[in-house]
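The primary structure of each chain is shown beneath.
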Amino acid sequence: MAETKALLPKDFLWGFATASYQIEGAPTADGRGPSIWDTFCARPGKIADGSSGAVACDSYNRTSEDIALLKLTGAKAYRFSISWSRIIPLGGRNDPINPAGIAFYKKFVDDLLAEGIIPFVTLFHWDLPDELDKRYGGPLNKEEFTADFGHYARTLFEAIPKVKHWITFNEPWCSAILGYNTGLFAPGHTSDRKKSDVGDSSTECWIVGHSLLLAHGTAVKIYREEFKEKAGGEIGITLNGDAVYPWDPEDPEDVEAAERKLEFSISWFADPIYFGRYPESMVKQLGSRLPTWTPEEAALVKGSNDFYGMNHYTANYIKHKSTPPPADDFLGNLETLFISKSGESIGPETQSFWLRPNPQGFRDLLNWLSKRYNYPKIYCTENGTSLKGENDLPIEEILEDDFRVEYFRGYIDALAKAVSVDGVNVRAYLAWSLMDNFEWAEGYETRFGVTFVDYAGGQKRWPKKSAKAVGPLFEAIIAKE
Ligand code: LGS
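Owing to the predicted nature of the structure, the values given are computational and were not obtained by experimental measurement.

### What about the sheet that holds strand β5 (residues 234-240)?
Piece 1. Taken together, the eight strands give a closed barrel; going around it, the order is β1-β2-β3-β4-β5-β7-β10-β11, and neighbouring strands pair in parallel fashion. Recorded for the sheet is a direction-independent mean angle of 25° between the axes of neighbouring strands.
Piece 2. Helix α10 (residues 252-275) contacts β5 and β7 (308-311) of the sheet and is inclined by roughly 155° relative to β5.

Put into structure tokens, the structure is as follows:
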């Protein structure tokens, strides 16, 4: 079939994304309480360069500079996250609320709107109040966690009704697997009992996933029952979404394993949200390790997305394993590879060991999601790349980031084709990231920004070539009428 001219609808929104712990710094300002990331970064060996988000981009003190940057890019929307421990320093439903924290985000939303930039607000981008981890294990305790998250969410729905796009959780897969299985992320629970401080990664991650889903369902119920009608907004969750291809397309077991990989990473959360149950492949492999749904829980979570938030970065070839999976396997008994059986590479290297750009993967995954979940409205809430060796280049070269410009060109083209040719319903695209920032366990060595942040040079922001490239790429294909 001949491909028609790629076009996005007139009201399509594009912009950039960030997250509180990655950019704000100011960890004790105006009464903020510690989060699990403050604690985690203090543990030796956890962050590649031994750094933390204690200063980051100092965005807490530079909101007007960040808004000026957004203006320069021409962005129509900005996705940022709220730090729970700025709003409720100890985190719990009976703990004091911090008016200064609320005032900060309220003003920020007002300032964005005054510039015509639409806020997309994430309630939880991994920085759990440390006290809740200490008090009851955070999401390991579903009753406490769900009640506390519901209270935190309600506090914000009430305080900032001008926000019309709420995202409950960012990538619960990362929170559960990297936080409670591999230990790469806070709070750093691992399966290696020698290095581990607590926990059993063969069950903890699945318990955490279940709690995050229940907390999501609870926040959505609160929003829909108490706020949605008056505020006229919407709420959904953002999930990980990496594309897959069978390592050997002729081998039915690899084909099946590729599907299983999507189920273990995406459908783990999306199936309960759209169908009220876990995928069969997970039930089969994990048995009693996977929590079961009570009818009330399933009813709470089923149908709890006004939109589907998709983060997308990379693709992998998938090879099945025929040996039985170890108890802490979280992938679905398979291997992820960058080279296929016939020797094809999935994409060029980047600074991130897990990231290989492949725009066709984006288009294919959008199609897979749309078919499985009956063509939901999708917001691409993150997409972007690091560049191999970028941090070692002289600044003049960093600013000429043609690799990133080409990355966005390829992905935006794939997106436009998925919408205009394949009929998927993507309505917004937020690139990761507005600026270089604290890249979690990778510290500051990995840069994802369209803006160079000179951490040593007074935090000066230098827009890279890509900062001004994303806008024209979209404006050329968004319908004018
Ligand atoms: O900065 C993050 C971007 C870039 O890398 C953002 O905060 C996240 O929401 C998002 O996940 N992003 C990201 N992902 C890295 C995931 C690491 C996966 C490591 C897999 C090891 C098994």
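### What about the sheet that holds strand β6 (residues 243-246)?
Piece 1. Taken together, the three strands give an open sheet; going across it, the order is β6-β8-β9, and neighbouring strands pair in mixed fashion. Only two strands of the sheet have a single neighbouring strand rather than two, namely β6 and β9 (334-337). When strand polarity is set aside, the average angle formed by the axes of neighbouring strands in this sheet is 40°.
Piece 2. Judged from the four bridges that link them, β6 and strand β8 (residues 315-320) form a sheet pairing that is parallel. By the bridge assignment, proline 246 is partnered in β8 with isoleucine 318.

### Some remarks on the packing of aromatic side chains
Piece 1. Following the criterion strictly, the structure yields 54 aromatic pairs and no others.
Piece 2. With a centroid separation of 5.4 Å and 70° between ring planes, the pair formed by tryptophan 37 and phenylalanine 185 is classed as edge-to-face. Taken together, the positions of tryptophan 37 in helix α2 (residues 36-41) and phenylalanine 185 in the loop between α8 (172-180) and α9 (204-231) put the pair 148 residues apart, joining distant regions of the chain.
Piece 3. Accessibility expressed as a relative area gives 11% for phenylalanine 185, which makes it buried.

### Let's talk about the pattern of salt bridges
Piece 1. Applying the stated rule across the entire model yields 38 salt bridges.
Piece 2. Among the salt bridges present, the one from aspartate 111 reaches lysine 107, with a minimum N-O distance of 2.7 Å. Taken as a pair, aspartate 111 and lysine 107 lie in helix α5 (residues 99-114) at a separation of four residues, close to a single helical turn.
Piece 3. For aspartate 110, the salt bridge goes to lysine 162, with nearest N and O atoms at 2.9 Å. Of this pair, aspartate 110 sits in helix α5 while lysine 162 sits in the loop between α7 (142-159) and β4 (165-170), and the two are 52 residues apart along the sequence.
Piece 4. By relative accessible area, aspartate 110 is classed as partly exposed at 32%.
Piece 5. When salt bridges that share partners are traced, they join Glu390, Asp401, Arg404, Asp436, Arg447 and Lys464 into one network.

### Describing the packing of α9 against α10
Piece 1. Where α9 contacts α10, the two axes come as close as 10 Å, and the packing angle between them is 40°. Classified by the angle their axes make, α9 and α10 are oblique. For the pair α9 and α10, the sense of crossing is right-handed. Here Cys205, Trp206, Gly209, Leu213 and His216 of α9 come into contact with α10, specifically with Phe264, Trp268, Phe269, Pro272 and Ile273.
Piece 2. Split by residue class, the contact of α9 with α10 holds eight nonpolar, two polar and no charged.

### Some thoughts on α10
Piece 1. Helix length check: α10, at 24 residues, gives a terminal C-alpha distance of 26 Å against a target of 34 Å (1.5 Å per residue), a shortfall beyond 12%.
Piece 2. Taken as a whole, α10 carries its principal kink of about 65° at serine 267.
Piece 3. Counting buried positions over the 24 residues of α10 gives 18, a clear majority of the element.
Piece 4. Just beyond α10, the residue with positive phi is glycine 276, at close to 80°.

### Structural notes on the site of the ligand
Piece 1. Neighbouring the ligand are 13 residues; Gln22, His125, Glu171, Glu382 and Glu439 lie closest to it.
Piece 2. At 2.7 Å from an oxygen atom of the ligand is found a side-chain nitrogen or oxygen belonging to glutamine 22.
Piece 3. Between the ligand and the protein, one listed contact pairs an oxygen atom with a side-chain N or O atom of histidine 125 at 2.8 Å.
Piece 4. Here the ligand loses 87% of its free accessible area of 520 Å² to cover by the protein chains.
Piece 5. By residue class, the composition of the shell around the ligand is six nonpolar, four polar and three charged.

About the criteria used
Residues numbered from 1 in each chain as written. Predicted model: local features only at pLDDT ≥ 70, side-chain atom pairs only at ≥ 80, totals over all residues. Heavy atoms only, no water. Pairing = 2+ DSSP bridges. Helix = DSSP H or I, 4+ residues; strand = E, 2+ residues; numbered from the N terminus. Axes fitted to C-alpha atoms, helices over the stretch in contact; angles between N-to-C directions. Contact = heavy atoms within 4.5 Å. Phe/Tyr/Trp six-rings, centres within 6.5 Å; stacked < 30°, edge-to-face > 60°. Buried < 20%, exposed > 50% of the residue type's maximum accessible area, 1.4 Å probe, protein only. Salt bridge = Lys/Arg side-chain N within 4 Å of Asp/Glu carboxyl O. Parallel < 35°, antiparallel > 145°, perpendicular 65-115°, else oblique. Left-handed = near helix turned anticlockwise from the far one by under 90°. Nonpolar A, V, L, I, M, F, W, Y, C, P; charged D, E, K, R; others polar. Expected span 1.5 Å × (residues − 1). Bend = angle between axes of the 7 residues up to and from the residue. Near = heavy atom within 4 Å. Polar contact = N/O pair within 3.5 Å; in protein donor to acceptor, adjacent residues only side chain to side chain. Areas by Shrake-Rupley, 256 points an atom, 1.4 Å probe, with all protein chains shown as cover.

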